[in-house]
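# Chain and residue survey
Listed below are the residues making up each chain.
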Amino acid sequence: MNGVPFLKMNGLGNQIIVADMRGRADRVTPAAAIAINAAPGTKFDQIMAIHDPRTPGTAHYIEIINSDGSLAQACGNGMRCVVQFLATEGEQKSFTFETLAGILFGEEHGDGLITVDMGTPKLAWYDIPLAEEFADTRKIELQIGPIDAPVLHSPSVASMGNPHATFWVHDDVWTYALDRFGPMLENHPIFPERANISIAQVVTPDRIILRTWERGAGLTEACGTAACAALVNGARTRRTARKATVTLPGGDLTVEWRADDHVVLTGPAEREWTGTLDPATGLWTRAEEAA
Ligand SMILES: N[C@H](CCC[C@H](N)C(=O)O)C(=O)O
């Protein structure tokens, strides 16, 4: 097998495969991503493929592939896993990356938590993107459920390089059938590139409870960029402060929208087991439990 080493990880239960593609000219193909998830033995939400810098002397290029084979511009939990993967290789603990969302920075702290600067949010309708013009993306006309009694409506939308809709609710986020509403909203024509769909309950100005149906991956235990988008949307609709704890099904993330407009995400990354993967076919073999 024409294999590359990979490490199965998770970021608060967001299932991540870190594939080490450094020194290679090929890529993990969409077909490989679909095949891996179809095979028994592992389920993942995203593959984070680490490539050599595209521009010599700059950052590792990180390609992000959803479990449906689609490319994503950004992945907050996955970036923390990449930082942890690289930090374990030696003394360097802070890194610069190039992604489709731009240049990102990440650092592992002594306490094992990892902070990633996810860049600046994009808030104009054409940057989300939306299929039609909305002057104010803090609240757009979109609803689901009976026309006269919508179940979810009037979301705030933002991009962290990838599109997010944050639906605000005042009650328990678990009372909503996100497994049913998620795919309908993910594929709504208002989102020409689809969208990640979140339900957010603001408990206090510094605490958000969040559940997410991810574009290209479905219900996940955690979505880092959704946590970033929810905090940005919460702050600009005056529901939250500019820094908050976001509680996802898999655990807590700390998100801050700094005065310099960068959004910074802090949380854990967990190593699980190692293997070898054929990036063209998705055939893989398991090696050992990760140290
Ligand atoms: N499904 C997302 C990418 C992964 C986002 C999520 N896993 C995160 O931690 O940010 C998208 O297609 O935009």
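Residues numbered from 1 in each chain as written. Predicted model: local features only at pLDDT ≥ 70, side-chain atom pairs only at ≥ 80, totals over all residues. Heavy atoms only, no water.

### Let's talk about the site of the ligand
The following threshold applies: We call a residue near a molecule or strand when any one of its heavy atoms sits within 4 Å of it. Polar contacts, as used here, are pairs of N or O atoms within 3.5 Å; protein pairs need one atom able to donate a hydrogen and one able to accept it. Residues neighboring in sequence count only if both atoms are side-chain atoms. Note on areas: Shrake-Rupley, 1.4 Å probe, and residue coverage restricted to the protein chains presented here. Secondary structure elements follow DSSP: runs of H or I of four or more residues count as helices, runs of E of two or more count as strands, with numbering from the N terminus.
In the vicinity of the ligand there are 15 residues, among which N14, N66, R215, G224 and T225 approach most closely. One nitrogen or oxygen atom from the side chain of N14 is found 2.9 Å from a nitrogen atom belonging to the ligand. Between the ligand and the protein, one listed contact pairs a nitrogen atom with a backbone N or O atom of R215 at 2.8 Å. For the ligand, the accessible surface in isolation is 360 Å², of which the surrounding protein chains cover 100%. Counting residues per element, the ones that place at least two in the shell around the ligand are helix 2 (76-87) and helix 4 (224-236).

### Thoughts on the domain arrangement of the chain
Note the cut-off: For the purposes of this description, domain bounds are those given by an automatic or database domain assignment. In this description, contact between two residues means that some pair of their heavy atoms is separated by no more than 4.5 Å. Accessible surface is computed with a 1.4 Å probe, and the buried area is the amount of it that two parts give up when combined, taken over both parts together. Think of a salt bridge as a Lys or Arg side-chain nitrogen and an Asp or Glu carboxyl oxygen that are within 4 Å of each other.
What the domain assignment lists for the chain is domain 1 (4-116 + 269-290) and domain 2 (143-261). Taken together, the contacts link 19 residues of domain 1 with 21 residues of domain 2. Together domain 1 and domain 2 conceal approximately 1200 Å² of surface at their shared face, both sides included; 44% is due to carbon and sulfur atoms. For the pair domain 1 and domain 2, the number of links is one salt bridge. In this structure, D68 engages R194 in a salt bridge whose closest nitrogen and oxygen atoms are separated by 3.1 Å. Inspection of the region where domain 1 meets domain 2 yields nine residue pairs in polar contact (both at pLDDT 80 or more). Of all the secondary structure elements, the ones that give two or more residues to the side of domain 1 that touches domain 2 are strand 5 (71-72) and helix 2.

### So, the pattern of salt bridges
Opposite charge on two side chains lets them pair, provided their charged atoms get close. Counted only if it meets this: Relative accessibility under 20% of the residue-type maximum defines a buried residue, over 50% an exposed one, and the middle range a partly exposed one, all with a 1.4 Å probe and only protein chains included.
Scanning the entire structure with this criterion turns up twelve salt bridges. Residues E272 and K8 are paired through a salt bridge, measuring 3.1 Å at the closest nitrogen-oxygen approach. Placement of the pair is E272 in strand 19 (residues 270-277) and K8 in strand 1 (residues 4-11), with a sequence separation of 264 residues. Residue classification places K8 among the buried residues on the basis of a relative accessible area of 3%. Salt bridges sharing common partners tie together D20, R22 and E89.

### A closer look at the side chain of N162
Checked against the element boundaries, N162 lands in the loop between strand 11 (156-159) and strand 12 (163-169). Here H164 takes part through its side chain, which lies 3.1 Å from a polar atom of the side chain of N162. Contacts of N162, omitting those with residues within four sequence positions, involve Q73, A74, N196, R215 and T225.

### Describing the pairing of strand 12
So the rule is basically this: Two strands are said to pair when DSSP picks up at least two bridges between them.
With seven of seven residues buried, strand 12 is to be regarded as a mostly interior element. Where burial is concerned, the two faces of strand 12 agree: the one with P163, A165, F167 and V169 and the one with H164, T166 and W168 are both buried. As defined by bridge partners, strand 11 adjoins strand 12 across four bridges and the pair is classed as antiparallel. By the bridge assignment, V157 is partnered in strand 12 with A165. As consecutive antiparallel partners, strand 11 and strand 12 are separated by three residues, and within that stretch G161 has a phi angle of approximately 105 degrees, a positive value. Where strand 12 lies against strand 13 (residues 196-204), six bridges are found, and the strand directions are parallel.

### Points about helix 2
Which entries qualify depends on this criterion: Expected helix span is given by 1.5 Å per residue-to-residue step, counting one fewer step than there are residues.
With twelve residues, helix 2 extends 17 Å from end C-alpha to end C-alpha; this agrees with the ideal 16 Å at 1.5 Å per step. With twelve of twelve residues buried, helix 2 is to be regarded as a mostly interior element. When helix 2 is considered as a whole, its buried residues turn out to be G76, N77, G78, M79, R80, C81, V82, V83, Q84, F85, L86 and A87.

### Brief notes about unusual backbone geometry
The peptide bond linking I128 to P129 adopts the cis configuration, its omega dihedral lying at -5 degrees. If you check the backbone angles, S154 has positive phi at about 50 degrees while not being a glycine. Tracing the backbone through its elements, the reader meets S154 in the loop between strand 10 (152-153) and strand 11. One non-glycine residue with positive phi stands out, namely R194, at about 65 degrees. By the secondary structure assignment, R194 is in the loop between helix 3 (178-186) and strand 13.

### Notes on the packing of aromatic side chains
For clarity, the cut-off: Centres within 6.5 Å make a pair out of two Phe, Tyr or Trp rings, where for Trp the six-membered ring is used; the pair is then stacked when the planes are under 30 degrees apart, edge-to-face when over 60, and tilted otherwise.
The final tally for this structure, using the stated rule, is five aromatic pairs. Judged by centre distance (6.4 Å) and plane angle (85 degrees), the ring pair of F6 and W284 falls under edge-to-face. Highlighted residues: F6 in strand 1 and W284 in strand 20 (residues 284-289), separated in sequence by 278 residues. The exposure class assigned to F6 is buried, which follows from its relative accessible area of 4%.

### Side note on helix 4
Between its terminal C-alpha atoms helix 4 stretches 19 Å, which fits the 18 Å expected from 13 residues at 1.5 Å a residue. One or two steps after helix 4, the chain reaches R238, where phi turns positive at roughly 60 degrees.

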